[in-house]
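Residue-level structural notes
Single-letter residue listing:
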Amino acid sequence: MILRLSLQTGTSARINASKKRFLIQQSRAFTSMDDPSFRTHSTAVANNTSSEFRSWQASQNIDIQRVTQTAMVHELTQQVSRSIEKVVPWFLNTMPAPYFRQVPESFRLDHIKAISAIKDASMDMHMNLKTHLPDGRQVLTFIRPGTMPGLLLNMIKELPFNQRSEEYMPLSRIQIYSAEDDSMSLNLFVYGEETKQETDVTLTGSHILEYAQQVMDGSLPPQDEYGRPNPKPNDSFERENLIEHMEKCSESYILRSDPRRFLSQMQLFEKVSGSDNISVSTEYSYLDENNDEHYWVDIALANTLPHYALEQTTKLLFLHSFDVMRAHLDNVSDGDNGTITLLRMLVTPVNGARGDEATFNLLQQELKRCKWLSDSTMELVFEKQPWLGVRRGEIITAMAAIMHPIMSKLNAIAFSKGNILETITKDRYINHAASIADLFLDRFNPKGPLSDEELEAKSKELLSIIDNEVEDTSAQALLTKMIDIVKHTLRTNIYMNNRYALGLRLDPRIMSSEDEEPREVPYGVIMVHGRRFDGYHTRFRDIARGGMRLVTPASPEQYALESAHQYEECYGLAFAQQLKNKDIPEGGSKAVVLIDNIGMSKTGKDFVMRKSVKAFTDTILDLIVDTEETREEVVDFVGKKEVLYLGPDEQVTPEDINWVIKRAQQRGYDTPAAFMSSKPRAGINHKEYGVTSEGVNVYLDVALRHVLNIDPKQDSFTIKITGGPDGDVAGNELKILSREYGDNAKVVGIADGTGCVEDPNGLAWDELLRLVNDNLPIDQFNPSKLGEGGAIHTVDTEEGMKARNSMHNRVQADAFIPAGGRPNTINIHNYKHFLNTDGSPSAPLIVEGANLFVTDEARQLLFEEAGVVIVKDSSANKCGVITSSYEICAAMMLSEEEFTENKDKIVSEVLNKLHNYAQLEAELLFREFKTYGGSLPQLSKVVSDAVNSATDALSIALESFSAEDKEKLLPLFRFHLPQTMADMSFDKVHERVPAQYISNAIASCLASKLVYKEGTKFVNTLPKDKLASVALRYVEAEHQIAVLKSALEGADMPEKEKESILKLLEAGGARTALGVF
């Protein structure tokens, strides 16, 4: 055992030199001085060992020195003995009984020795002790004078090992005690996981099992000897269930626990097990005879950081004027769900507060919310403006977050995120902000929501007050925008008691600023404001799917920049998704979650990311599921049920996917397995099967042939790629290039996050494939595999960073495939860097495997100035979203077992479908490019717009179709599906798939068929009100043409003539039959 002692002198302390040296020696005996966080506060005294402290002693006379030392030791020993004789009786009488039951004897002796030393030195009772337990855990004991309110909170703020520490250790236990004479507080904080011992819990927990047996057989009286009500029989208290629960608990927790307390905390544990919820209970402390204002507050917090839980709970109690007299913290395993932190606190009201029912109801509500509140909300409602209350504070900070991407377009400095929140929470304006928050609460109060007319009247009243009372134009603009946000909110979960974050379903028009260029308005926007994150989900159609990406900036400056354009990134990605989703039933959507885990340890960062995923997705479920809870607590101004699907994107893990699907099932989502694609077992892993890259390569192949007159099967060609060999799109593209073209494909440059490798003669295929197969980044390329003129540049040098950042511009190649990298890498400001000094492009062909790598403006300018042909992302990498759509269909139509048993066959059929969809669009693009001219990105958008507008028109028309007419079109959906999936389940399609989804599927299948077969001009020239009827006739004509072709194939006529007629029928038979040209 290693004990550390830290002393802090009081201002009135006067200690003679001999006592100072004695204390220093005692401190050194107990202290390891290598830990700066626990160095003695009397360092100056320790260092002051100059001659003035030694000059009195005769240095030459050894006998005198020996006698002097002996005398001093005797005297000091007597002083210590007299001090301990005084301290021990006082200590035994003043410390509460639980201290002696729960703290080991060795610790108690250390505490007495340390306190005796301090009292003997007439110093303030202020010290820190650090002890190492045999299993490596650290015990920090903080002793402070007095028991004033807020003392515990101050101690917690001094604790090391928080989530921002690189040496993070979990807080596994606390024990908080106050002397009964209020002279001191003594608190123990244990860090590190307790080693799980192979012990028989029936022995260590025998006192609990015996008590539970008495509860179950009814042999206990209604109250125990202290007047506390005994628990009622419960199935959880059965012996087998108790033993199973105790197996999850630490031995020390079982041994220290009072049986009644253990059963009570077990019930709280079960309420939150398997979730991320919080459960709270309060009861009067029956053990305190002299004061009827003592209460026990018990809290179970699932899957939270214990240090944070303790700090925030203590802060909340302090702000509600409750002093913490005693406290215990323990962590209990919850299996795959992590751990559950159990907090038990003995509190007493101070400063005139009362422990009545209303106070504890409010306290329970806020304790539940505390885990999920953002730092900005906590600071606002617990420090700056505590009168606001949590709900109003959350609304104000959420609105500040929403306003940032809108208002920063007008003035990035005046409307920075910090300035926005600071302005609307100033004392001069906070009352106005609070009134707007009240307006929001009134609008969505389930007991009586404001009507549109009432909302408009109250809004005008508030606007008039703001106009008269607020002179600052920035503040006036922000407060006015807050009212606009209220008016543009269509749903919110503000009144849901167990919500994880605050969610607002917004009318997307609120996200546009007045002076921006007109653009397509999304169908819906959801904004989620939570602890350490803000998230947007943007979608362009009612039923939509798209990935969820996590953005984790490395610095506060980068975070501020990301916050300003977070919505724009989400909008851009969702719009790109809408363009590429043209072949599937779902429209385009995207979720971007901006997370603040700056400066945290690796463990802390990962923890915050996983919590953010949970809070974000659960809040979306609050706003889209139709359950008894949401019908009672969520006021709906959307007017219809909404269906959306998520997919994984940057930094989302398989564990996240599993949790989201499980949570969707718990929350009552209609098709939980489809709520998020890429489920590890029942999904189609995009990286494993290379689905996105298979489509990218089809476009590359067609483009090489049409643009550069290169037959890649016969001719040599060069490629440069951004995205590492360990990445999804880049790594799989390398495998496909090698598979399809062998040495004809020469990769002359690759760049990723670690650096870049270049070789004008082509990088060695065996080495590239080694990196791909071993999942290694490009900086692991073996230099010996480079040819003459080859080079490796890594980002650990400034020169290497520059080379990596410019590789896509410098290296000369036939084609460039951006298969990784941040959006807008090539933009209107730097597009000329892609050109050589003579104005020719460094690559005449770009096939966009990554989203938004090149901006729209840069694409057009590269084409106009240098003739660069660019296959846009919405075409080139669409096969990933098609695969995800097939996963959604599989999740709805097949059980997990059915899918996994037939997975190989289904995946093979999906890959064939992907090649077909990519080939159809690629051929159409270059056919129209050759016929009509224009830039390829513009044509790509024309194709997407043609399909999507046709889909929209058909979807509307289908609403008026008879059931019989819809059934005639159902084979379109069946043909869209992989054959095995359709054969297994299509007879049950109406039972398993929502009708809305079926209609969308029919519409998108028919629209893409029309466009790919007949071209964009055919569809775009049709009147929208006629499109549906023409499409229906087209399907019938196709059926007639199929009958004719079948008959013709059996006709007795020359094969050459037969083949020519069949081709004519295939190319234009249906269109001719319609009489539409």
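Structure shown above.
Predicted, not measured: the structure shown is a model, and the values here were computed from it. Within each chain, residue numbers correspond to sequence positions counted from 1 in written order. Local features in this predicted model are restricted to residues of pLDDT 70 or higher, and side-chain atom pairs are both shown and tallied only at a pLDDT of 80 or more, whereas totals for entire chains, interfaces and linings draw on every residue. Only hydrogens and water are set aside; all other atoms, that is, all heavy atoms of the structure, feed into the side-chain values.

1. Points about the pattern of salt bridges
To be explicit about the condition: Throughout this description, the term salt bridge denotes a Lys or Arg side-chain nitrogen within 4 Å of a carboxyl oxygen of Asp or Glu. For helices the rule is a DSSP run of H or I covering at least 4 residues; for strands it is a run of E covering at least 2, with both sets numbered from the N terminus onward. Burial classes follow relative accessibility: with a 1.4 Å probe on protein chains only, a residue under 20% of its type's maximum area counts as buried, one over 50% as exposed, and anything between as partly exposed.
As enumerated under the stated definition, the model contains 69 salt bridges in all. Of the charged contacts, one joins E293 and R354 as a salt bridge, the two residues approaching to 3.8 Å between their closest N and O atoms. Taken together, the positions of E293 in the loop between β6 (278-284) and β7 (295-302) and R354 in the loop between β9 (339-349) and α13 (357-370) put the pair 61 residues apart, joining distant regions of the chain. The exposure class of R354 is exposed, given its relative accessible area of 54%. By sharing partners, the salt bridges in this structure join R491, R505, R539, D542, D636, K640 and E642 into a single network.

2. As for the pairing of strand β14 (residues 544-551)
Note the threshold: When DSSP finds two or more bridges between a pair of strands, those strands are recorded as paired.
Across the eight residues that make up β14, a large majority, eight, are buried. Bridging between β14 and strand β15 (residues 587-595) involves six bridges; their strand directions are parallel. Bridged to M548 within β15 is A591. Here β14 runs beside strand β16 (residues 644-648); their pairing, made up of five bridges, is parallel. In the strand pairing of β16, R545 is matched with Y645.

3. Things to note about the side chain of E311
Rule in force here: Two residue types count as positive, namely Lys and Arg, and two as negative, namely Asp and Glu; His and chain ends fall outside the count. Whether two residues are in contact is decided by their heavy atoms: any pair within 4.5 Å suffices.
With respect to the helices and strands, the residue E311 is situated in helix α12 (residues 306-319). K315 is the oppositely charged side chain nearest to the buried, salt-bridge-free E311, at an N-O distance of 4.7 Å. Not counting the four nearest positions on each side in its chain, E311 is found in contact with L153, I156 and K157.

4. Describing helix α29 (residues 765-773)
To keep it simple, the criterion reads: Here the arc refers to the directions that run from the helix axis out to each C-beta atom.
Burial in α29 covers these residues: W765, E767, L768, L771 and V772. End-on view of α29: buried residues confined to an arc of 165°, all on one side of the axis. Where α29 is buried, its residues touch α28 (728-741) and β18 (745-752). Looking at the residues trailing α29, positive phi occurs at N775, about 60°.

5. A closer look at the environment of A764
Position of A764 relative to the elements: it lies in the loop between β19 (755-758) and α29. In this structure, A764 is in contact with F781 and K785, ignoring residues within four places of it in sequence.

6. Details of the sheet that holds β16
Defined as follows: The convention used is that axes are lines fitted to C-alpha atoms, helices contributing only their stretch in contact, and that angles between N-to-C directions extend from 0 to 180 degrees.
Spatial ordering of the open sheet is given by β10-β11-β12-β13-β15-β14-β16, a layout of seven strands whose pairing is mixed. Each of the sheet's edge strands pairs with one partner strand only, and the pair in question is β10 (489-492) and β16. Shown here is a sheet whose adjacent strand axes are inclined to one another by a mean of 20°, direction ignored. As paired strands, strand β11 (residues 502-506) and strand β12 (residues 524-530) are joined by five bridges and run antiparallel to one another. By the bridge assignment for β12, L504 is matched with M527. Across the sheet, helix α15 (residues 390-407) is in contact with β11, β12 and β13 (533-539); its angle to β12 comes to roughly 125°.

7. Examining the sheet that holds strand β21 (residues 815-818)
Taking strand neighbours across the sheet as the criterion, the seven strands line up as β20-β19-β18-β17-β21-β22-β23 in an open arrangement whose pairing is mixed. Looking at which strands have only one partner, the edges of the open sheet turn out to be β20 (791-794) and β23 (869-871). The sheet shows a mean angle of 15° between the axes of neighbouring strands, taken without regard to direction. Two elements, β21 and strand β22 (residues 845-847), share two bridges in a ladder whose sense is parallel. When the bridges of β22 are listed, F816 appears paired with I846. Helix α30 (residues 798-810) rests against β17 (717-722), β18, β19, β20 and β21 of the sheet, and its axis sits at about 55° to β19.

8. Quick word on helix α17 (residues 430-443)
Rules: How far a helix is expected to stretch is found by multiplying one less than its residue total by 1.5 Å.
Its 14 residues place the ends of α17 20 Å apart at the C-alpha level, agreeing with the 20 Å of an ideal helix rising 1.5 Å per residue. Within α17, ten of the 14 residues are buried, leaving the element largely enclosed by the surrounding structure. Elements in contact with the buried residues of α17: α15, α16 (417-424), α18 (452-469), α19 (473-487), β10 and β11.

9. Description of the packing of aromatic side chains
The condition is simple: Pairs were defined over the aromatic rings of Phe, Tyr and Trp, the Trp ring being its six-membered one, requiring ring centres within 6.5 Å. Orientation was assigned from the angle between planes: stacked under 30 degrees, edge-to-face over 60, tilted for the rest. Throughout this description, the term charge over a ring refers to an Arg CZ or Lys NZ atom that lies within 6 Å of the ring centre and within 35 degrees of the ring normal.
Taken as a whole, this structure holds 26 aromatic pairs when the rule is applied. Relative to F360, the ring of F322 has its centre 5.5 Å away and its plane inclined at 35°; by these criteria the two rings are tilted. One end of the pair, F322, is in strand β8 (residues 322-333); the other, F360, is in helix α13, and 38 residues separate them in sequence. For the pair F322 and F360, one class covers both residues: buried. With a centroid separation of 5.2 Å and an interplanar angle of 45°, the aromatic rings of F440 and F444 are classed as tilted. A relative accessible area of 1% places F444 in the buried class. A connected cluster of aromatic rings, assembled from ring pairs, spans W90, F91, Y99, F100 and Y177. Taking the ring centre of F637 as reference, the NZ or CZ of R443 above it sits at 3.6 Å. Its end group placed over the ring of Y571, R519 keeps NZ or CZ at 3.8 Å from the ring centre.

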